[in-house]
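Residues per chain, in single letters:
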Amino acid sequence: MTTFDINIKKLNENATIPSYGSEFAAGADLYACMEEPVTIVAGETQFIHTGLAIEIPAGYAGLVYARSGLACKRGLAPANKVGVIDADYRGEIMVALHNHSNVDQTIESGERIAQLVITPYITGCFHTVDELSDTVRGEGGFGSTGRK
Ligand SMILES: O=c1ccn([C@H]2C[C@H](O)[C@@H](COP(=O)(O)OP(=O)(O)OP(=O)(O)O)O2)c(=O)[nH]1
């Protein structure tokens, strides 16, 4: 397990610093930060503030995932499925929560709304070519394997 220091700035004094729920939790919980509770109408999306900006190290990204409990019990999950926080982003971390349930849902300030996983990534240097190498799979995809 790799742990390193990450600078984080409170844009709102009431913001809560992300926290890991258990010793080996991969995602740090992100907390809502707003003056008033926000209601997300059934089937709609609201941008929820965290009141935080973060300095993710170069070569790493922050991935904003749903919290299983919130998604499965209340139908609230990021509209973009997985948010990507770039290492050079200095704006506020926002969570676009979509209400997949059929009732309106209210988020209180201080509630855990998503989880942030910090992960290394590689970048590609793309070269245009006329032919790609041969493989057994070839162009098969979208359920092409395991057919009887
Ligand atoms: O759930 C998210 C997703 C993104 N961001 C911030 C951090 C990220 O670095 C920035 C841009 O995100 P992204 O690259 O996904 O957005 P885009 O739609 O491609 O816009 P841009 O042209 O600004 O990159 O927005 C969030 O705060 N929350």
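From a predicted model like this one, the values you see are computed outputs, not experimental measurements.

What follows is about the layout of surface pockets. Of the volumes computed, that of the largest pocket is approximately 550 Å³. Residue lining of the largest pocket: 23 residues in total, with Thr2, Thr3, Ile6, Tyr20 and Ile118 positioned closest to the centre. Take the lining of the largest pocket: its biggest share by element is five residues, from strand β12 (residues 112-120). Taken as a whole, the second largest pocket encloses approximately 160 Å³ of empty space. Lining of the second largest pocket is provided by 14 residues; of these, Asn80, Gly83, Val84, Ile85 and Met94 occupy positions nearest its centre. Where the lining of the second largest pocket is concerned, the elements lending two or more residues are β9 (83-85) and β10 (94-99). Residues belonging to the lining of the second largest pocket are distributed by class as follows: ten nonpolar, two polar and two charged.

Attention now moves to the site of the ligand. Around the ligand sit Asn80, Gly83, Val84, Ile85, Asp86, Tyr89, Glu92, Ile93 and Met94, and that is every residue in its neighbourhood. Between an oxygen atom of the ligand and a side-chain N or O atom of Asp86, the distance comes to 2.6 Å. One of the backbone nitrogen or oxygen atoms of Met94 is found 2.7 Å away from a nitrogen atom of the ligand. Across the complex, the protein chains shield 48% of the 570 Å² of accessible surface that the ligand would expose by itself. In terms of residues, the shell around the ligand owes the most to one element, β9, which gives three residues.

Calculation rules
Residues numbered from 1 in each chain as written. Predicted model: local features only at pLDDT ≥ 70, side-chain atom pairs only at ≥ 80, totals over all residues. Heavy atoms only, no water. 1 Å grid on protein atoms, 1.4 Å probe; cavity = no way out; pocket = protein on both sides within 12 Å on 5 of 7 lines; lining within 4 Å. Points joined across faces, edges and corners; volume = space filled by probe spheres on them. Helix = DSSP H or I, 4+ residues; strand = E, 2+ residues; numbered from the N terminus. Nonpolar A, V, L, I, M, F, W, Y, C, P; charged D, E, K, R; others polar. Near = heavy atom within 4 Å. Polar contact = N/O pair within 3.5 Å; in protein donor to acceptor, adjacent residues only side chain to side chain. Areas by Shrake-Rupley, 256 points an atom, 1.4 Å probe, with all protein chains shown as cover.

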